[in-house]
Amino acid sequence: MITSQTQDIIPEKWYNIVPDLPEPLAPPIDNSSDRSSIELLNSLLPREVLRQEFTFNRYERIPDEVREIYAQIGRPTPLFRARRLEDFLGYRGKIFVKFEGATATGSHKINTAVAQAYYAGKEGIEEVVTETGAGQWGTATALAATMNGIRSTVFMVKVSYEQKPLRKKIMSLYGARVYASPSTETPFGRSVLEKEPGHPGSLGIAISEATEYALEHGIRYLVGSVMNAVLTHQSVIGLETQKQLELMGEEANVLIGCVGGGSNFGGFTYPFIGQGKEVEAIASTAEEVPKLSRGEFRYDRMDTAGVLPSVKMYSLGADFVPKKIYAGGLRYHGASPSLSVLVKNGIVRPEEVGEAEVIEALQVFARTQGIVAAPESGHAIASLIRYCRAHREERKNIVVNVSGHGLLDLSIFDRVGI
Ligand SMILES: *Cc1c(COP(=O)(O)O)cnc(C)c1O
């Protein structure tokens, strides 16, 4: 049961920024003339998710069952003042941390997985399928499916499958069937293996396998980031933060988050930005994947294979192969169309952070606040530290979203001999 206290903080509606953007979103387009990828979405996504993808409604009611599950998986997540970090940095203002690592699966991804799996189950679908790279999204899908009484299948990029056996184990524990991709389960996987039996896999191949599997088995595909509906579900982060700040008698002046596809950043900042609050928003990306500062704003494929439609966004090109950085969740070539529009209009400021700075930030955060943050979140913390060092005398309230914990990603510290 949701207690009266948490019920006050978990919002009753998600927020959709689309009607409040400074310019309209360009519509998605098909990639080829022989198969409409927009039509294909009808068979791939739960109907309600598809409706939410294209809606201009500013708010969407969160079903009671989903709010109930939000409470069970750890919502509302904590918002706390990071006093020891303030002291360490000598910052005169206040630093607040919203900690999405406190959910059952350890990141924000469960917020949308629960909603999508709920709609699939309600529409009579008995199984969902998705792909996963580093494993966070697959883990969220596995638990969300189980909590909604449906089965799940996850295609996990083969290199990660082999390098991260603990991730595979958690997904299996939650009840998912996990295949290393490329696999022999789908025609596309088999064709890749025929050409190159030792293929290490890629996110693009895994998406193609998952979507092919969905169409072949008449089940639904869950989307982890980038799409509007996903960012709408993630608004639970920012809406909770607003209520928690209000209860503390505080306001946010600066918001900082990391960007892979843009879902935790959008979910965290949009309720502030869209409702016209005067905030400085900083989007922290990986130096090796500088899509927001050096990408082009143009139509591009969301997935390498082009199964999903093309959207207008900042992109390094769907065929861009990033260096193998530890923050697997930040390797995506593009960024959500709404976030791209906000960056283009100067409302969100992108910033790039390199791995050495991220490792230092993770160490500082662990030693001051006791939390081992995910390498992805380490980018946001690094941007926070940069900001505080550059504006020591300022008295602004900075809120940073820590999208996940890093207890399964400790190998990032091998580099510094920890
Ligand atoms: C997936 C992931 C990200 C990046 O994805 P977004 O859609 O940009 O939020 C960031 N942090 C963590 C912990 C992740 O798992």
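Residues numbered from 1 in each chain as written. Predicted model: local features only at pLDDT ≥ 70, side-chain atom pairs only at ≥ 80, totals over all residues. Heavy atoms only, no water.

As a reminder of what qualifies: UniProt positions are given in the numbering used here, feature names are shortened, and annotations may be inferred rather than shown by experiment.
The name an unreviewed UniProt entry gives the protein chain is Tryptophan synthase beta chain, with Thermogymnomonas acidicola as the organism. Comment text from UniProt for the protein chain, heading Subunit (unreviewed entry), reads "Tetramer of two alpha and two beta chains."

## Comments concerning the site of the ligand
Short version of the rule: Each residue is tested against the molecule or strand, and it is near if at least one of its non-hydrogen atoms lies within 4 Å. Under the rule applied, a polar contact is a pair of N or O atoms within 3.5 Å (in protein, one hydrogen donor and one hydrogen acceptor; residues adjacent in sequence only if both atoms are side-chain atoms). All amino acids are sorted into three groups, where Ala, Val, Leu, Ile, Met, Phe, Trp, Tyr, Cys and Pro are nonpolar, Asp, Glu, Lys and Arg are charged, and the leftover types, Gly among them, are polar. Note that the domain bounds reflect an automated or database-derived domain assignment.
With respect to spatial proximity, 17 residues lie near the ligand, and among them K109, S225, G260, S263 and S403 are the closest. H108 has a polar side-chain atom sitting 3.0 Å from an oxygen atom of the ligand. The side chain of S403 places a nitrogen or oxygen atom 2.7 Å from a nitrogen atom of the ligand. Class assignment of the residues belonging to the shell around the ligand gives a composition of three nonpolar, 12 polar and two charged. Two domains share the shell around the ligand, each providing at least three of its residues, namely domain 1 (4-64 + 109-228) and domain 2 (74-107 + 235-416).

## Details of the nonpolar core
Considering soluble globular proteins, one finds that nonpolar side chains tend to be buried as a cluster. How we decide: We define a nonpolar core as any set of buried Ala, Val, Leu, Ile, Met, Phe, Trp, Tyr and Cys residues linked to one another through side-chain atoms lying within 4.5 Å. Three labels apply to residues, based on accessible area from a 1.4 Å probe with only protein chains included: buried if under 20% of the type maximum, exposed if over 50%, partly exposed otherwise in between. Helix and strand assignments come from DSSP, with helices taken as H or I runs of at least 4 residues and strands as E runs of at least 2, each series counted from the N terminus. Here, residues are in contact when the closest pair of their heavy atoms is within 4.5 Å.
Counting 55 residues, the largest nonpolar core has W14, Y70, L292, L339, V348 and V399 as the members making the most contacts within it. Of all the secondary structure elements, the ones that give two or more residues to this core are β1 (13-15), α4 (64-72), α6 (110-122), α7 (136-147), α12 (228-248), α13 (263-274), β10 (280-286) and α15 (337-344). Beyond its immediate chain neighbours, meaning those up to four positions away, Y70 contacts I10, W14, I62, R75, N111, V114, H233 and V236. Grouped together as the second largest cluster of nonpolar side chains are 36 residues, V97, A286, F365 and A382 included.

## Considering empty space enclosed by the protein
Stated precisely, the cut-off is as follows: A cavity here means a set of 1 Å grid points, computed over protein atoms only, where a 1.4 Å probe fits but cannot escape. A pocket is an open set with protein on both sides within 12 Å along at least 5 of 7 lines, and lining residues have an atom within 4 Å of a point. Grid points are joined across faces, edges and corners, and a volume is the space filled by probe spheres set on the points.
All told, the structure shown has one cavity of 30 Å³ or more when counted by the stated rule. Its volume calculated, the largest cavity comes out at about 60 Å³. Around the largest cavity, the lining residues are Y15, N16, I17, V18, N228, L231, T232, S235, G266, G267, Y270 and S338. Broken down by secondary-structure element, the contributors of at least two residues to the lining of the largest cavity are α12 and α13. No other element matches the four residues that α12 contributes to the lining of the largest cavity. The residue makeup of the lining of the largest cavity, split by class, is five nonpolar, seven polar and no charged. Counting residues domain by domain, the lining of the largest cavity receives three or more from each of domain 1 (4-64 + 109-228) and domain 2 (74-107 + 235-416).

## What about the packing of aromatic side chains?
What counts is decided by this rule: Two rings from Phe, Tyr or Trp (for Trp, the six-membered ring) form a pair when their centres sit within 6.5 Å of each other. Planes less than 30 degrees apart are called stacked, planes more than 60 degrees apart edge-to-face, and all others tilted. Whether a charge sits over a ring depends on NZ of Lys or CZ of Arg being within 6 Å of the ring centre and within 35 degrees of the ring normal.
Counting across every chain of the model gives five aromatic pairs. With 5.5 Å between their ring centres and 70 degrees between their planes, F155 and Y213 make a pair best called edge-to-face. Highlighted residues: F155 in strand β6 (residues 151-157) and Y213 in helix α11 (residues 203-217), separated in sequence by 58 residues. Across the pair, Y213 and F155 agree in class, each one buried. One aromatic cluster in this structure is built from F155, Y179 and Y213. Here the basic side chain of K13 rests over the ring of Y59, its NZ or CZ set 5.9 Å away from the ring centre.

## Focus on the domain arrangement of the protein chain
Stated precisely, the cut-off is as follows: Accessible area that two parts lose when put together, with a 1.4 Å probe and added across both, is what the buried area reports. When a carboxyl oxygen of Asp or Glu is within 4 Å of a side-chain nitrogen of Lys or Arg, the pair counts as a salt bridge.
With domains assigned, the protein chain is organised as domain 1 (4-64 + 109-228) and domain 2 (74-107 + 235-416). Between the C-alpha centres of domain 1 and domain 2 the distance comes to 22 Å. Facing the 50 residues of domain 1 at the interface are 51 residues of domain 2. For the pair domain 1 and domain 2, the summed buried area comes to about 4200 Å², and 65% of that belongs to carbon and sulfur atoms. If you sort the residues of domain 1 by the area they bury against domain 2, I9, Y15 and V226 come out on top, with a joint share of 16%. The interface formed by domain 1 and domain 2 holds two salt bridges in total. Here K164 and D409 are joined by a salt bridge, their closest N and O atoms 3.1 Å apart.

## A closer look at the side chain of S107
Turning to its location among the elements, S107 is positioned in the loop between β4 (94-99) and α6. Contacts of S107, omitting those with residues within four sequence positions, involve E100, G101, Q136, S403 and G404.

## Brief notes about α12
Rules: Helix span, expected: 1.5 Å multiplied by one less than the number of residues in the helix.
Here α12 is 21 residues long and its end C-alpha atoms lie 31 Å apart, about the 30 Å a rise of 1.5 Å per residue gives. For α12, the buried fraction is high: 17 of the 21 residues fall into the buried class. Of the residues flanking the end of α12, it is G249, one or two places downstream, whose phi is positive at about 75 degrees.

## Observations concerning the sheet that holds strand β13 (residues 348-353)
Keep this limit in mind: By this definition, two strands are paired if DSSP reports at least two bridges between them. To define axes, lines are fitted to C-alpha atoms, for helices over the stretch in contact only, and angles between the resulting N-to-C directions are given on a 0 to 180 degree scale.
Judged by pairing direction, the sheet is mixed, and its six strands sit side by side in the order β3-β4-β14-β9-β10-β13 without closing on themselves. Of all strands in the sheet, those bounded by a partner on one side alone are β3 (79-81) and β13. Going from strand to strand, the sheet's axes swing by 25 degrees on average, the running direction of each strand aside. Along the sheet, α13 makes contact with β4, β9 (254-258), β10, β13 and β14 (397-402), crossing β9 at roughly 160 degrees.

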